[in-house]
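Overview (structure and organization)
Single-letter residue listing:
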Amino acid sequence: MKFDTIIMGGGLSGLTCGIALAKKGRRVAIVAGGQNTLHFYSGSMELLGSVDDQDVTHPIEAIAALNENHPYSKIGAQHIASLAQQAQALLADAGIKTTGDASCNHYRITPMGVTKPAWLTLDGLATTSHPDALPWKKVCLVNLEGFIDYPIDFVAHGLRNLGAQVETPTVSLECLKQARRSATEMRATNLAKVFTNTSNVARLADAINTACNDTEAVLIPAVLGYDNDDACNLLKAQVKAPLYFLATLPPAVTGVRINAALKHYFQMLGGRFLMGDSVENVVIDGDKVTHINTTKLQAMSLQAEQYVLATGSFMSRGLVADFERIYEPLMNLDTDAPQDREQWSKYGMMGDQPYMSCGVVTDKDFHPLKDGSPLANVYAIGQVLGGHNPITMGDGTGVSMLTALAVANAINS
Amino acid sequence: MTKTQLASISDHNFEQCLKCSICTVYCPVAAVNPAYPGPKQAGPDGERYRLKDPKFYDEALKMCLNCKRCEVACPSDVRIADLIQQARMKHHSHRPKLRDMMLASTDLVGSLATVVAPVTNFSLGLKPVKAVMDTVMAIDKHRTFPAYASQKFETWFRKNAEKRQNEFAHHVSYFHGCYVNYNFPQLGQDLVTVMNALGYGVHLLEKEKCCGVALIANGMYNQARKQGETNMASMRKSINQQSRPVITTSSTCTFTMRDEYPELLGVNNDGVRNHLSLATRFIFNLVDEGKVKLAFRHDFKMRVAYHTACHMQRMGWAIFSTELLRMIPGLELIELDQNCCGISGTYGFKKENYETSQAIGAKLFSDIDAAKPDFVSTDCETCKWQIEMSTGVKVLNPISILAQALDIEKTRQLNGVN
Ligand code: SF4
Ligand code: SF4
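All values reported here derive from a predicted model rather than from experimental measurement.

1. Observations regarding the overall build of chain A
Each helix and strand counted, chain A has 12 helices and 25 strands in total. Computed over C-alpha atoms, the radius of gyration of chain A comes to 22 Å, within 12% of the 22 Å expected from 2.2 N^0.38 for 413 residues, which places it in the range of a compact globule. Structurally, chain A occupies a C-alpha span of about 70 × 45 × 40 Å along its principal axes. Residues counted as buried form 57% of the 413 residues belonging to chain A. When contacts within chain A are restricted to residue pairs at least 6 apart in sequence, long-range pairs at least 24 apart make up 67% of them. Within the structure as shown, chain A displays about 16,300 Å² of accessible surface, and the carbon and sulfur contribution to it stands at 49%.

Okay, here's the thing in structure tokens:
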């Protein structure tokens, strides 16, 4: 089977790249072995959140000072602003409305109740423009009875630290009593399914209106809007006080919605999405990939002019660590991982872990290196790339989307 | 430091679960029926307990459709539905009810019904009969039963097609399945038309039994195993002695015989699996390799919404059907988002499941309404019943669309058929 471009990996970077290519009429196939880490997304995207343990306020300025191995430096600091705009527009075209600006970070509120710098946030989610203050003096933080993925005491504590007076009523609904029959499954995505029913949304609005009087804002965990944001808007219209959503622990409804919207848009543009299939074999001849094989299509090989590696990091198995080494499993590409296993990690699990910034090495055009030389018709994008650190630098989503667009633009021209 | 790494390999990749809960997001049953604990809980989580003590087996596991959507979604390749089915097989003690036996024995009931098709169709449609089925048999009264054809596919084939099949240069065997044989011989006839035009003679297997998917779903594993052995013996003969690969027109039968036989039933399909394929995949491969050519009618126009059936998705083969459909000029293809239709074989026929079944399908039905297609296309026969009943839109197998779109005469010439 022949395509113009084959993308290995169907997460944020793969879908972004696929959409940008399909939009220009290219024949694109995405091979996606299982669902992706978008399911863990809070609903905010980050471009650059932190450098040397300091919050970044103006990402574009800070990007200019990053070292040469960072993917942003390969893109070129001067291109970041326009790619960031292209990314926001692409999300909007797919039906995902966001607010934010690459020149100045705003702050999202994490499911642990602290603020973190963010670049784009899904419309409807609570944000603040300042790390140490909220836009409200008095908020009503609503919890849903039985919901297990929301540590409300942490969140309330965090909001109080930011100077707000916080009430934490719990609403109990008959429709959720049903859902509580499987107590272990009272997760955001399961609740979202209950609220695809508009009368359940109305019941929730009534309960909130009864519980929250005299408040500047109602904050509620993001458990609505599974396929689209209709349920969110409906609830907002029916609740008297201004209402905002707060990110929950994963699987996150916001991430599921972004994933579904991007995939739908990609297919609408004519893209082929091979769901639940995985690349098994990549055949390289000289400095080029000639074809790939997948687990499901077996002998039928897939061919393309370009191949894009968007397989993600360790969790998505784009990178693998065993007792001997850290490696890229499909093509055995060069990585920047230290030889010595002792250097992969450091004391303190929550701290800066070196393995988090390991990944494949590329030239400045994102052609990955194999045995020291670049593969001419292969590009690597997203979290499989080395040289950045989504945890300590808060650059994960930005690297995924911007490297995807930089590569798509290069292929398109 | 010693550098040894033990591979820990468990049944169905059970130990690979990283507890991300993504599978539960995509389970159609957990979405609408809160009494079902969902794939993570019923699969890898529950398995940990069941391994300790079988008393942790939960009867709610029988609500699982075995649709495999959880497995497709799992980023760690845990074979969740296999774990669930295996647990059912091991711990489930009840004897199947008469109703379950009747729904499961598709070929027994089929052969009785075909003989008296007009009477069966008539009486299956009657209100009082439906009421009896509803109360006595617990088959939901809202269901329209698929109609039984008055002439079996096999009978038609022997009378009208069999003789000329030897005249072709290439040959395949066709596993038609119960649905084509008893309910919808037209699809089998379409397959013969298309394959003949490509220069392939079509033959029946020496012995064909129902693939057993309904038996598995209703807990009749021994019977399923027996039928599986018969099918594998016939297919081995076809493949090894007659050099005829086996093709099918049902994604579910194909999936069952390729994957559930060895994984669940322990039926060995070595030597068969790689020669057993869905017709759309078989034809796509021939076209892709330049071995056959297709000529299409110029006046053909159709807007088609393709629905990926659950087992089709698990096999990862939808691309073959959709690419084949995309070859047809004049065909406008819309790929529907992946959602289960809710019927899952015999599941939706049972009264206790009717509501769940329709609720599961709701999203797919509204997407179909919105797409306004002339036809829906899918490779699964039970999806066809469900979608036709629930949306009123006619459903065609891709092979039937191909039969309509091909310029048969020209295609025959292109492939050297006289
Ligand atoms: S999706 Fe897979 S890894 Fe995640 S919880 Fe389910 S079985 Fe475990
Ligand atoms: S096979 Fe289908 S019904 Fe069963 S647990 Fe998996 S997704 Fe749910």
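Further notes follow.
2. Examining the overall build of chain B
Within chain B, the secondary structure is distributed over 22 helices and eight strands. Evaluated residue by residue, chain B yields a buried proportion of 59% over its 418 residues. Carbon and sulfur atoms make up 53% of the accessible area of chain B, which amounts to about 17,200 Å² in all.

3. A word on the sheet that holds strand β9 (residues 120–122) of chain A
All names here are of chain A. Within the open sheet, the three strands sit side by side as β3-β9-β6. Their pairing is antiparallel. Looking at which strands have only one partner, the edges of the open sheet turn out to be β3 (44–45) and β6 (98–100). By the bridge criterion, three bridges tie β6 to β9 in an arrangement that is antiparallel. Bridged to glycine 100 within β9 is leucine 120.

4. Quick look at a nonpolar patch on the surface
On the surface, Met112, Val114 and Phe154 of chain A cluster together into a nonpolar patch covering about 280 Å² of accessible area. Relative to the helices and strands, phenylalanine 154 of chain A resides in helix α5 (residues 152–161).

5. With respect to the interface of chain B and chain A
With 45 residues of chain B at the contact, the number on the chain A side is 41 residues. Roughly 3,600 Å² is buried in total at the junction of chain B and chain A, and carbon and sulfur atoms are behind 50% of that figure. Scanning the region where chain B abuts chain A turns up two salt bridges. Note that glutamate 323 of chain B is salt-bridged to arginine 272 of chain A, the shortest N-O span being 2.4 Å. Breaking the side of chain B that touches chain A down by element, the ones donating at least two residues are α1 (22–25), α3 (39–52), α4 (69–73), α16 (279–288), α17 (310–315) and α18 (318–326) of chain B.

6. Describing the domain arrangement of chain A
As assigned here, chain A comprises domain 1 (2–101 + 257–412) and domain 2 (126–246). For domain 1 of chain A versus domain 2 of chain A, the separation of C-alpha centres amounts to 33 Å.

7. Focus on the state of the cysteines
Residue and element names in this part refer to chain A. On inspection of all chains with the given rule, the structure shows one disulfide over all chains. Between the sulfur atoms of cysteine 140 and its disulfide mate cysteine 212 the distance is 2.3 Å. On the sign convention where negative means left-handed, the S-S torsion of about -70° between cysteine 140 and cysteine 212 marks this disulfide as left-handed. Here cysteine 140 is found in strand β11 (residues 138–141), whereas its partner cysteine 212 is found in the loop between α8 (198–211) and β15 (217–221), with 72 residues between them in sequence. There is no split in this pair, since cysteine 140 and cysteine 212 are both buried.

8. Brief notes about the packing of helix α4 (residues 77–93) of chain A against helix α12 (residues 396–412) of chain A
Residues and elements named next belong to chain A. At a minimum axis distance of 9 Å, the contact between α4 and α12 shows a crossing angle of 100°. Here α4 is positioned roughly perpendicular relative to α12, judged by the angle of their axes. Two secondary-structure elements touch here, α4 through Ile80, Leu83, Ala84, Gln86, Ala87, Leu90 and Leu91 and α12 through Met401, Leu402, Leu405, Ala406 and Asn409. Tallied by class, the residues present in the contact of α4 with α12 amount to 10 nonpolar, two polar and no charged.

9. Some remarks on the site of ligand 2
Residues and elements named next belong to chain B. Among the 13 residues in the neighbourhood of ligand 2, the closest are listed as Cys27, Cys64, Cys67, Lys68 and Cys70. Looking at the shell around ligand 2, the elements that each hand over two or more residues are α2 (28–32) and α5 (80–91). Looking at the shell around ligand 2, its residues break down into 11 nonpolar, one polar and one charged.

10. Examining the sheet that holds strand β7 (residues 106–109) of chain A
Residue and element names in this part refer to chain A. Strand order in the open sheet made by the three strands is β8-β7-β10, with antiparallel pairing throughout. Strands with a single pairing partner mark the edges of an open sheet, and in this sheet they are β8 (115–118) and β10 (127–128). Relative to β8, β7 runs antiparallel, the two sharing four bridges. What sits directly across from histidine 106, in β8, is alanine 118.

11. A few points about the nonpolar core
Core analysis: the largest hydrophobic core is formed by 201 residues, its most contacted members being Leu235 and Leu262 of chain A. Among the elements that line this core, the one with the most residues is α12 of chain A, at eight residues. Excluding residues that lie within four positions of it along the chain, leucine 235 of chain A makes contacts with Val201, Leu204, Ala205, Ile208, Ile220, Leu224, Leu243 and Phe245 of chain A. By size, the runner-up hydrophobic cluster in this structure holds 24 residues, among which are Cys27, Tyr36, Ala42 and Cys67 of chain B.

12. Description of the domain arrangement of chain B
Residue and element names in this part refer to chain B. As far as domains go, chain B holds domain 1 (3–91) and domain 2 (302–405). Between the C-alpha centres of domain 1 and domain 2 the distance comes to 27 Å. The partner domain 2 presents 15 residues to the 13 residues of domain 1 that form the contact. Counting each side, the surface lost to burial between domain 1 and domain 2 is near 1,200 Å², with a carbon and sulfur contribution of 59%. The shortest N-O distance in the salt bridge between arginine 314 and glutamate 71 comes to 2.7 Å. Elements supplying a minimum of two residues to the side of domain 1 that touches domain 2: α2 and α4. Residues that form the side of domain 1 that touches domain 2 fall into these classes: seven nonpolar, two polar and four charged.

13. Quick word on the confidence of the model for chain B
Detailed reading of the predicted coordinates is not advisable wherever pLDDT falls low. When pLDDT is averaged across chain B, the result is 86; 83% of the residues are at 70 or more. For this predicted complex, the interface confidence comes out at an ipTM of 0.91, alongside a pTM of 0.91.

14. Digging into helix α14 (residues 221–241) of chain B
The terminal C-alpha atoms of α14 of chain B, which comprises 21 residues, lie 29 Å apart, in line with the 30 Å expected from a rise of 1.5 Å per residue. Once α14 of chain B ends, the next one or two residues include serine 243 of chain B, with phi positive near 55°.

15. Notes on the side chain of arginine 314 of chain B
Among the structural elements, arginine 314 of chain B can be located in helix α17. Aside from chain neighbours lying at most four places away, what touches arginine 314 of chain B is Lys296 of chain A together with Lys68, Glu71, Val72, Arg79 and Phe255 of chain B.

16. Some thoughts on the packing of aromatic side chains
Residue and element names in this part refer to chain A. Throughout the structure, instances matching the rule amount to 13 aromatic pairs over all chains. With a centroid separation of 5.2 Å and an interplanar angle of 40°, the aromatic rings of tryptophan 136 and tyrosine 244 are classed as tilted. Here tyrosine 244 lies in strand β16 (residues 243–246) and tryptophan 136 lies in the loop between β10 and β11, a separation of 108 residues in the sequence. Of the residues examined, tryptophan 136 reaches a relative accessible area of 9% and is grouped as buried. Judged by its relative accessible area of 27%, tyrosine 244 is partly exposed. Ring geometry for phenylalanine 266 against phenylalanine 273: centres 6.4 Å apart, planes inclined by 70°, an arrangement best described as edge-to-face. In terms of burial, phenylalanine 266 and phenylalanine 273 fall into one category: buried.

Reading the values: rules and limits
- Residues numbered from 1 in each chain as written.
- Chains lettered and ligands numbered in written order.
- Predicted model: local features only at pLDDT ≥ 70, side-chain atom pairs only at ≥ 80, totals over all residues.
- Heavy atoms only, no water.
- Helix = DSSP H or I, 4+ residues; strand = E, 2+ residues; numbered from the N terminus.
- Rg over C-alpha atoms; globule rule 2.2 N^0.38 Å.
- Buried < 20%, exposed > 50% of the residue type's maximum accessible area, 1.4 Å probe, protein only.
- Contact = heavy atoms within 4.5 Å.
- Areas by Shrake-Rupley, 256 points an atom, 1.4 Å probe, with all protein chains shown as cover.
- Pairing = 2+ DSSP bridges.
- Patch = residues over 30% accessible without salt bridge, like charges linked within 9 Å, V, L, I, M, F, W, Y side chains within 5 Å.
- Salt bridge = Lys/Arg side-chain N within 4 Å of Asp/Glu carboxyl O.
- Buried area = accessible area lost by both parts, 1.4 Å probe.
- Domains from an automatic or database assignment.
- Disulfide = S-S within 2.5 Å.
- Axes fitted to C-alpha atoms, helices over the stretch in contact; angles between N-to-C directions.
- Parallel < 35°, antiparallel > 145°, perpendicular 65-115°, else oblique.
- Nonpolar A, V, L, I, M, F, W, Y, C, P; charged D, E, K, R; others polar.
- Near = heavy atom within 4 Å.
- Core = buried A, V, L, I, M, F, W, Y, C linked by side-chain atoms within 4.5 Å.
- pLDDT = per-residue confidence, 0-100.
- Expected span 1.5 Å × (residues − 1).
- Phe/Tyr/Trp six-rings, centres within 6.5 Å; stacked < 30°, edge-to-face > 60°.

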